[in-house]
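Structure assessment
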Amino acid sequence: MRGTDSTPSLTRTDEASPNWLVLVLTFVAVVLDGYDTIALGLSVPALAKDWGVAPSHFTPALSLTSVGVALGYLACGRLVARFGARRVVLAAVVVFTVGSLLTAFASTITELTALRVLTGLGLGAVLPAAVSHATALNPPRLRQSIAVFVTMGISLGALLAGLVGTRLIAAFGWESVFLAGAAASAVLLPLLWIGLPDGRAAAGEPAPDATSSAARQASVARLFDPGLRSRTLLLWGFSFLMFTVFYVFSSWLPTLLTSYGFSTSLAPLGSAALGIGSIVGAAVLMIGALRFRMPSVLVFTTSLAIVFLVVSAFLGADKVLLLIVFGGVGLGIQAGMIGQTALSVSMYPQATATTAVGWSASMGRLGSVVGPVLGGALIGLGVPTGTIVLVACVPVLVALVLIAVLGRITAPNALSTTEPAAVPARR
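Below, the structure is looked at part by part.

Conventions we followed
- Residues numbered from 1 in each chain as written.
- Predicted model: local features only at pLDDT ≥ 70, side-chain atom pairs only at ≥ 80, totals over all residues.
- Heavy atoms only, no water.
- Helix = DSSP H or I, 4+ residues; strand = E, 2+ residues; numbered from the N terminus.
- Buried < 20%, exposed > 50% of the residue type's maximum accessible area, 1.4 Å probe, protein only.
- Contact = heavy atoms within 4.5 Å.
- Areas by Shrake-Rupley, 256 points an atom, 1.4 Å probe, with all protein chains shown as cover.
- Phe/Tyr/Trp six-rings, centres within 6.5 Å; stacked < 30°, edge-to-face > 60°.
- Lys NZ or Arg CZ within 6 Å of the ring centre and 35° of its normal.
- Axes fitted to C-alpha atoms, helices over the stretch in contact; angles between N-to-C directions.
- Parallel < 35°, antiparallel > 145°, perpendicular 65-115°, else oblique.
- Left-handed = near helix turned anticlockwise from the far one by under 90°.
- Core = buried A, V, L, I, M, F, W, Y, C linked by side-chain atoms within 4.5 Å.
- Nonpolar A, V, L, I, M, F, W, Y, C, P; charged D, E, K, R; others polar.
- Expected span 1.5 Å × (residues − 1).

Okay, the overall build of the protein next. Within the protein one finds 13 helices and zero strands. In sequence order, the secondary structure elements of the protein are arranged as α-α-α-α-α-α-α-α-α-α-α-α-α. The proportion of buried residues among the 427 residues of the protein is 58%. In the protein, 85% of the contacts between residues at least 6 apart in sequence involve partners at least 24 apart. Carbon and sulfur atoms form 72% of the exposed surface of the protein, whose accessible area is close to 15,700 Å².

Shown next, in the form of structure tokens:
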């Protein structure tokens with residue numbers, strides 16, 4: 001039975017225990033989001049072989065998926081303010097379940113692209129609503145850690161897609177990757193319906209007579225209030241650059257690895273390596289945040305990404321070593337992608353959190369549109385894989401500068417008394 005606002009499980013006092021049911025359900029929803037997001041990229045080599053076209057022909061499908069996701073992110077704040085996070089999560093899972101199912105039956109690139117845009121709308125709405133719901137229905141002291149935990153589902157989903165996708169593609173063809181994702185989402189739906197509480201009052205969401213006030217709180221203009229404008233712009237820039245680089249590799253790494261002698265059935269292991277590294281990166285974030293401020297942790301992980309990118313550019317054809325190093329790339333880059341969500345939750349008031357997460361992530365999704373296009377263009381021009389990797393270092397270097405500046409202006413001695421401080425400052 002679904003909880004109500006009067007049940008103990010919905011309390012948000014700092015002394016309360018975590019609401020584990022909400023955490024698990026929102027986490028699994030984001031896992032399936034991550035799985036579906038990576039599914040097309042790891043299917044491209046097999047699709048290209050099946051349909052007899054060059055891999056670069058799938059650039060529109062990869063990029064426009066991210067357009068759909070970005071639109072879902074942008075709309076999510078308003079949707080949650082109007083309908084509540086629970087309804088938005090349920091509707092989003094329905095949309096990407098149907099989209100994934102229909103993708104398995106696509107027969108042309110045009111059909112594939114249209115279906116991925118539809119799927120992207122659902123994928124985009126899931127993450128901000130899930131993070132907002134999970135943080136609102138749990139103790140405030142855990143907001144940043146919970147945001148990292150729920151967002152880590154993206155990494156686990158990518159890992160599962162890489163591991164399961166390798167076997168599915170080899171045994172049943174590319175269609176099976178999407179059918180498996182749709183089946184898993186269909187199983188999750190009734191569990192979400194039963195287990196996710198409404199919790200609108202506990203979550204800071206509007207009662208029916210407070211919708212207009214909630215809509216004002218959900219406005220993107222709130223992110224540019226005095227004292228927040230600079231950090232918003234820095235965070236958006238950091239998110240854009242990290243997503244750009246990640247989606248170069250999540251979209252094209254299986255294809256790039258074929259130049260090192262990987263077969264089309266083994267190439268998806270590259271996605272699995274990124275996923276494993278991403279989970280390690282999320283663990284580094286959670287452990288590091290216990291002692292250091294999140295911007296400081298992100299400076300460290302972004303620096304690691306640069307180191308691993310440079311190393312990978314000069315490696316030979318050692319398959320195991322390549323996978324290990326690209327796992328390190330995933331660690332550094334995905335830590336930045338997850339960390340920007342935690343910063344979005346911690347830097348803004350709870351009533352604005354969904355909008356903050358959605359807009360920061362949507363700026364990242366703009367990068368995820370640029371990433372596949374950039375990677376596809378370089379591959380189409382015949383640029384060597386090592387050179388492509390070195391080109392990817394440039395935006396990561398810029399992102400490192402941005403997060404370092406953000407860390408300075410949000411340091412304890414730089415905080416204005418007019419700015420919201422959702423979590424205690426760490427050294």
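From this point, the narrative continues.
Attention now moves to the packing of aromatic side chains. A full pass over the atoms with the stated rule returns seven aromatic pairs. Plain terms: the ring middles of Trp174 and Phe178 are 6.1 Å apart, the flat faces sit at 75° to each other, and that makes the pair edge-to-face. We note that Trp174, like Phe178, is buried. Ring centres of Phe224 and Trp236 lie 5.4 Å apart, and the angle between their planes is 80°; this geometry places the pair in the edge-to-face category. Placement of Phe224 in the loop between α7 (211-217) and α8 (229-258) and of Trp236 in helix α8 is noted, with a sequence separation of twelve residues between them. Take Phe224: its relative accessible area is 25%, and that puts it in the partly exposed class. Through successive ring pairs, a cluster of aromatic residues spans Trp51, Phe58, Trp174 and Phe178. In this arrangement the basic side chain of Arg86 is found over the ring face of Trp193, its NZ or CZ atom lying 4.9 Å from the centre.

With that settled, consider the environment of Leu397. Note that Leu397 resides in helix α13 (residues 385-409). Its relative accessible area of 44% is what places Leu397 among the partly exposed residues. With 156 residues separating them along the chain, Leu397 and Leu241 place their C-alpha atoms 9.3 Å apart.

As a packed pair, helix α5 (residues 143-172) and helix α6 (residues 175-195) sit with axes 8 Å apart at the nearest point and diverge in direction by 125°. In terms of orientation, α5 and α6 fall into the oblique class. Crossing angle aside, the handedness with which α5 passes α6 is right-handed. From α5, Gly165, Leu168, Ile169 and Phe172 reach across to α6, where they touch Glu175, Ser176, Val177 and Ala180.

What follows concerns the nonpolar core. One finds Val93, Leu192, Phe249, Leu285, Met294, Phe326 and Ile333 to be the most contacted residues of the largest nonpolar core, which totals 121 residues. Broken down by element, this core gets its largest block of residues, 17 residues, from helix α1 (residues 20-51). Residue contacts for Phe249: discarding those within four places in its chain leaves Pro254, Leu256, Leu274, Leu309, Phe326, Val389 and Ala392.

Moving on to the packing of α1 against helix α4 (residues 109-136). At their nearest, the axes of α1 and α4 sit 9 Å apart, and the two run at 160° to each other. Considered as vectors, α1 and α4 are oriented roughly antiparallel to each other. You can see that α1 and α4 cross each other, and the crossing is left-handed. Taking contact as the criterion, the partners of Val22, Leu23, Thr26, Ala29, Val30, Asp33, Asp36, Thr37, Leu40, Leu47 and Trp51 in α1 are, on α4, Ile109, Leu112, Arg116, Thr119, Leu123, Val126, Leu127, Ala130, His133 and Ala134. Residue composition of the contact of α1 with α4, by class: 14 nonpolar, four polar and three charged.

Okay, helix α10 (residues 294-313) next. The end-to-end C-alpha distance of α10, which contains 20 residues, comes to 29 Å, matching closely the 28 Å that a straight helix rising 1.5 Å per residue would cover. Along α10, the residues that are buried comprise Met294, Pro295, Val297, Leu298, Thr301, Thr302, Ala305, Ile306, Leu309, Ser312 and Ala313. Contacts from the buried residues of α10 go to α5, α8, α9 (269-289), α11 (319-347) and α13.

Let us look at the side chain of Thr341. Within the fold, Thr341 resides in helix α11. For Thr341, a relative accessible area of 1% corresponds to the buried category. With near-sequence residues (within four places) excluded, Thr341 lies in contact with Val131, Ala147, Thr151 and Val357.

Of note, Ser239 is situated in helix α8. We classify Ser239 as buried; its relative accessible area is 1%. For Ser239, the residues in contact, after removing those within four places along its chain, are Gln340, Ser360, Ala361, Met363 and Gly364.

For the rest of this paragraph, the subject is the environment of Val53. Take Val53: it is sitting in the loop between α1 and α2 (59-83). Residues Val53 and Ile109, 56 residues apart in the sequence, show an inter-C-alpha distance of 10.0 Å. In contact with Val53, not counting residues within four places along its chain, are Ala48, Phe58 and Ile109.

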